[in-house]
Amino acid sequence: MRGKRAGLALLAAALTLLLSGCFVKTVDELYTLPRHSDEYDRLELVIEQLLNSQNASYAAPVSGVNQQSVQLADLDGDGLEEAIAFLKTAGDKPLKTCIFSRADGDYRLMDVIEGDGTSFASVEYAQLTDRPGAELVIGRQLSTDVLQSLSAYSYADGHVAELMSANYSQYRTVDLDGDGQKDIFILRFDAEQPHGIAELYRWKDGQLEREPEAYLTDGASAVKRILTGSLTAEAQAVFVSSAYEENALVTDVFAFQDGTFRNLTAREAESAVSTVRSYYVYASDIDGDGLIELPQILPLPAAEGSEENDSAISWYNLDLDGHSLPKLTTYHSFSGGWFLKLPDTWQNQFCITRGTETDGVRGYEFSQWKNGRRADLIFTIYAFSGEDRNEAASADGRFPLAEKGDITYAAKLGTGKWADALSEDRLREMFHFIHIDWNSGET
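Residues numbered from 1 in each chain as written. Predicted model: local features only at pLDDT ≥ 70, side-chain atom pairs only at ≥ 80, totals over all residues. Heavy atoms only, no water.

## A short note on the sheet that holds strand 7 (residues 135-141)
Test applied: Between any two strands, pairing holds if DSSP finds at least two bridges. Every helix listed is a DSSP run of H or I at least four residues long, and every strand listed is a run of E at least two residues long, numbered separately from the N terminus. Only the stretch in contact is used when a helix axis is fitted, and all axes are lines through C-alpha atoms; the angle between N-to-C directions ranges over 0 to 180 degrees.
Reading across the sheet, the four strands line up as 6-7-8-9 and stay open at both edges, with antiparallel pairing between neighbours. Edge positions in the open sheet fall to strand 6 (119-126) and strand 9 (159-168), since each of these has one partner strand only. Averaged over all adjacent pairs, the angle separating strand axes in this sheet is 20°, with direction ignored.

Here you go:
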């Protein structure tokens, strides 16, 4: 009974947020809550009767963006939202997804989706078909292990139809085939298989059709990050970064080309190896052009006073044929939380050393590399903290770059041709903070 009351209290609290104007819609405005208290009262009464009759309790999804016990979405596209309640009972199929339709202000139980498992892992609403409304994508935790089950359902005329079901480790909804409907991309790891398996379900001929499976790079193990985005101006892709051997990552890029679902980086061994790199550097839209870039580590010359394993990063795009297109070069200070976008002409011609202590800070000195040695100093980057940080950032020829929290970042130009080609404003344009992925805590 306590679980029932808690779920109803959450529903009431969510309604209060809506009525006060503080609730923000999600999932392309398909997800919302009742607009009027009388509607809420009727819905609450119907759900409470169901809870009591079934000896059920609320079972909110444990991950994803939709983690409420009761959610609303227009599943059949008639302009009225259905109420979807996630419950747990005893029995062989304890997870119940109950769908209520609204007519004349009243809610009526229309259909129930029963499923195995210990909990709802996630719930998502996505346009998977060419029919009106949104399809319901439900992930269920089947055991205390990593095994999960994913199912997709459509709702029409008061009834639910299952479109697909599969075991999965992780999944994403993304329009890979460019038909305007979302596809379901699934990753799973089978004990009998030497490598991870990728599957794609796409709407074709009135059903969610499973494409021939593709594979992760041999040796790729735990998935560290999945990113969906534009590979080209016309094509979307899924970028899967996985742990690879010791202290390395490998990125597999999955796309749909010429009617075939495939791993673009696995076409040739040479292409696949180019996506292997050290930890903490992931694919991203580093230059803000709307396309996802892949990183390649470039070791820097080891000048005297340089940090061990200093390196730059060369970023490139892949096309649908797996060919790379160089984009830009950066230097990332992961410990400092910042990075620089560097001129193309600097590639393989500069080094980084730690300067002498200035106001308690040792700066990062960027210098030209000529004839196997460190040459002209281009500039130095500093990070000052404390009460006098702003004064220190502007003293002795230095100028502020940016502030973050209680740290002021500053720079000082050096001498020589490359330094003369820079300005304070240009260096500020080159300087950026590293984005933190809040899901993983990694950069």
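## Section: the side chain of T329
Here is the rule: Think of it in three bands: with a 1.4 Å probe and only protein chains considered, a residue is buried below 20% of the maximum accessible area for its type, exposed above 50%, and partly exposed in between. Contacts are assigned to residue pairs with any non-hydrogen atoms lying within 4.5 Å of each other.
With respect to the helices, strands and loops of the structure, T329 is situated in strand 22 (residues 324-333). The class of T329 is buried, set by a relative accessible area of 3%. If near-sequence neighbours (up to four positions away) are discounted, T329 is found in contact with A312, I313, S314, L340, K341, L342 and Q347.

## Focus on the pairing of strand 3 (residues 82-88)
Of all seven residues in strand 3, six are buried, a share of seventy percent or more. Examined bridge by bridge, strand 1 (residues 57-58) and strand 3 share two bridges and lie antiparallel to one another. Residue pairing across strands places Y58 opposite L87, the latter belonging to strand 3. Note that strand 2 (residues 70-73) and strand 3 share four bridges and pair antiparallel. When the sheet's bridge partners are listed, Q71 is paired in strand 3 with I84. Judged from the six bridges that link them, strand 3 and strand 4 (residues 95-103) form a sheet pairing that is antiparallel. Bridging from a neighbouring strand, K88 pairs with L95 of strand 4.

## Topic: the pattern of salt bridges
We count it as follows: The rule for a salt bridge is simple: a side-chain nitrogen of Lys or Arg has to be within 4 Å of a carboxyl oxygen of Asp or Glu.
Within this structure, the stated rule accounts for 20 salt bridges. Residue R374 pairs with E365 through a salt bridge whose shortest N-O separation is 3.6 Å. The exposure class of R374 is partly exposed, given its relative accessible area of 36%. We classify E365 as buried; its relative accessible area is 18%. Notably, a salt bridge pairs D425 with R428, separated by 3.1 Å at the nearest N-O pair.

## Some details on the environment of A214
Structurally, A214 can be placed in strand 14 (residues 214-215). Linking A214 and T260, residues 46 residues apart in sequence, is a C-alpha distance of 9.9 Å. Sequence-distant contacts of A214, that is, excluding residues within four places in its chain, are made with G196, I197, A198, F254, F261, R262 and N263.

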